[in-house]
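One-letter residues, chain by chain:
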Amino acid sequence: MASKTVLVTGADRGFGLRVAQEFLRGGYTVFAGKFLDGFELIDREAEANPGRFITVRLDVESRDSILAMRDEVARHTDRIDVFVSNAAFMGGGPGGMPPPDLKESLIDVPLAEKSVRVNALGALLCTEALLPLMQTGMKRLCYVSSEVASINQMMRDNGFRYPMSKTALNMAVRMLHNSLHGEGFTFRLYHPGPMRRMASDGGLSGEADPKTDPSYSAGLAFPFFTGDRPDEDRLVMVDFLGYVWPF
Amino acid sequence: MVAYFTDISSGFAVRLADEFEKSGVAVTGGVPNGPVDLFVSTENERAKNDFFSVSSGIDPDAIMDAVRRHVSEPLKKLEEVLPYLERGGLKRICFLSGASASVNMNAETSGYGYNMSKAALHNALMIIKNRLGKEGYTFRLYDPMANSLPHTAADYFLKGLGKQHGNEIYGQNEERRLTLRDALGREWPW
Ligand SMILES: NC(=O)c1ccc[n+]([C@@H]2O[C@H](COP(=O)([O-])OP(=O)(O)OC[C@H]3O[C@@H](n4cnc5c(N)ncnc54)[C@H](OP(=O)(O)O)[C@@H]3O)[C@@H](O)[C@H]2O)c1
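Procedures and definitions
Residues numbered from 1 in each chain as written. Chains lettered and ligands numbered in written order. Predicted model: local features only at pLDDT ≥ 70, side-chain atom pairs only at ≥ 80, totals over all residues. Heavy atoms only, no water. Contact = heavy atoms within 4.5 Å. Buried area = accessible area lost by both parts, 1.4 Å probe. Salt bridge = Lys/Arg side-chain N within 4 Å of Asp/Glu carboxyl O. Polar contact = N/O pair within 3.5 Å; in protein donor to acceptor, adjacent residues only side chain to side chain. Helix = DSSP H or I, 4+ residues; strand = E, 2+ residues; numbered from the N terminus. Nonpolar A, V, L, I, M, F, W, Y, C, P; charged D, E, K, R; others polar. Expected span 1.5 Å × (residues − 1). Buried < 20%, exposed > 50% of the residue type's maximum accessible area, 1.4 Å probe, protein only. Arc of directions from axis to C-beta. Near = heavy atom within 4 Å. Areas by Shrake-Rupley, 256 points an atom, 1.4 Å probe, with all protein chains shown as cover.

Q: Mind showing me how you'd approach the interface of chain A and chain B here?
A: Many descriptions give the size of an interface as the accessible area lost when the pieces come together. On the side of chain B, 45 residues touch chain A, which itself brings 46 residues to the contact. When the two sides are added together, the surface that chain A and chain B hide from each other amounts to roughly 3900 Å², 71% of it contributed by carbon and sulfur. On inspection of chain A and its partner chain B, the count reaches two salt bridges. Put simply, chain A and chain B have 13 residue pairs in polar contact (both at pLDDT 80 or more) between them. Put simply, the parts of the chain that give the side of chain A that touches chain B at least two residues each are α4 (109-130) and α5 (161-180) of chain A. Looking at which element gives the most residues to the side of chain A that touches chain B, the answer is α5 of chain A, with 13 residues. The residue inventory of the side of chain A that touches chain B, partitioned by class, reads 29 nonpolar, nine polar and eight charged.

Next comes the structure, spelled out in structure tokens:
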């Protein structure tokens, strides 16, 4: 495959879809992780760009699915240049803090563990699975994290399920960096900023503000994910405006 | 005073409990039958199956086991003990942890389960502190290092940290912060 290649997880909608489209426009061959049924924008992109935008079934919570994705990608190419870990489980309602009487549930164990499995472990297992395909290309590993992963800046007093899963992700990325930076891999840890959720028809929830359209953050992410940085030795979490966040 | 330990079976927890008792604090491990002053989560082991790296092969079960032991189960126990802490005088929540769970400072290539679960716990505790701190709760997050200084740990868990407690070493607001400190008193960045 002559063009550069990228694999994006959770590319059915939102930031994942938009950043996959940015890569396509940037001349990359895109492998777009498809998780949802009924979200057809990703399929339409594949139909319009045969051989350049390829959907692959991917549930990052399942190692079997991750390995099947890797095998499917390997049928098309022997090289992935850029990996973008974007898939995330944010659902399940408010994250569980005790109300003032401290009697109700502090932690919903199944949902808390699912958050870590999808948002942190899933990213780690996808990285591990793709490493054999990433030995010769750009060796760029990109992870969509969040401001809520920053313990230093944590102002919330409620809902720790999703934030703690993103902190676990940051730690996983730190340890991957410890292992792989010496082998020439470079890392991007990205906070995309507040983004509205995308419905199956591409419509966005909430107040119309171009800066909270996932396309906006995806447009800013593309040069960050693909360009060079002066401080490649350091692992930093950078937001959509280019500011570095403390861990 | 009464301290609730999530587990009193491991070596360091036993010695910590001894130190508490020397200071006149009764230690319980079962369902409390009255007010509790301190909640102490002692789970802090690196499991034998947690010594893989990305090149030797990630063990997802080891990671999720660590999340269960270091996050889900202790927070579930905290939930159970909160009504008893609410009735106690000190309202202090203590967790053993490790400096390797500092995202800033970690330099390891194995121990994903321990480090990811403890880093996650640190963020959960910051959110819990932001909530319960307003209600008078205080927090200790402590790296016992080589587990050789249980008296230092007991001292740190039991004493007050603000000037109002006669402790001039830390600033007036130390008790309002959540910090990860090790057995030598060093604060670790998150
Ligand atoms: N939106 C924000 O304000 C915001 C802020 C900071 C960071 N972020 C991060 O930015 C990224 C994109 O956010 P977004 O707003 O575009 O979210 P999104 O619309 O929910 O996109 C994430 C996608 O991942 C999918 N997914 C969930 N579980 C999966 C699994 N097991 N395997 C594969 N895919 C899975 C989701 O499907 P389901 O919808 O079925 O769950 C969803 O389609 C996420 O990593 C998020 O954590 C978002």
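Q: Would you mind showing me how to read helix α1 (residues 11-22) of chain B here?
A: Think of an α-helix as 3.6 residues a turn; residues three or four steps apart then line up on the same face. Residues and elements named next belong to chain B. Its 12 residues give α1 an end-to-end C-alpha distance of 17 Å, which sits within 8% of 16 Å, the value for a rise of 1.5 Å per residue. Turning to α1, its buried residues number three or more, namely Phe12, Ala13, Leu16, Ala17, Glu19 and Phe20. Looking down the long axis of α1, one finds its buried residues gathered within 160° of arc, a one-sided arrangement. Among the structural elements, β1 (2-5), β2 (26-28), β3 (38-41), β4 (92-96) and α4 (150-158) are those in contact with the buried residues of α1. Glycine 24 sits one or two positions beyond α1 and adopts a positive phi of about 85°.

Q: It is not clear to me how the site of the ligand should be interpreted in this structure. Could you clarify?
A: All names here are of chain A. The environment of the ligand is made up of 26 residues, and the closest members are Arg13, Asp59, Asn86, Tyr162 and Arg197. Alanine 88 is positioned with one of its backbone polar atoms (N or O) 3.3 Å from an oxygen atom of the ligand. In the environment of the ligand, an oxygen atom lies 2.5 Å from a nitrogen or oxygen atom belonging to the side chain of arginine 197. Protein coverage of the free-state accessible area of the ligand, which is 860 Å², stands at 90%. Within the residue set of the shell around the ligand, elements represented by two or more residues are α1 (14-25) and α5. Here the residues of the shell around the ligand are counted per class, giving 14 nonpolar, seven polar and five charged.

Note that every value here comes from positions in space, so none of it alone points to a role or purpose.
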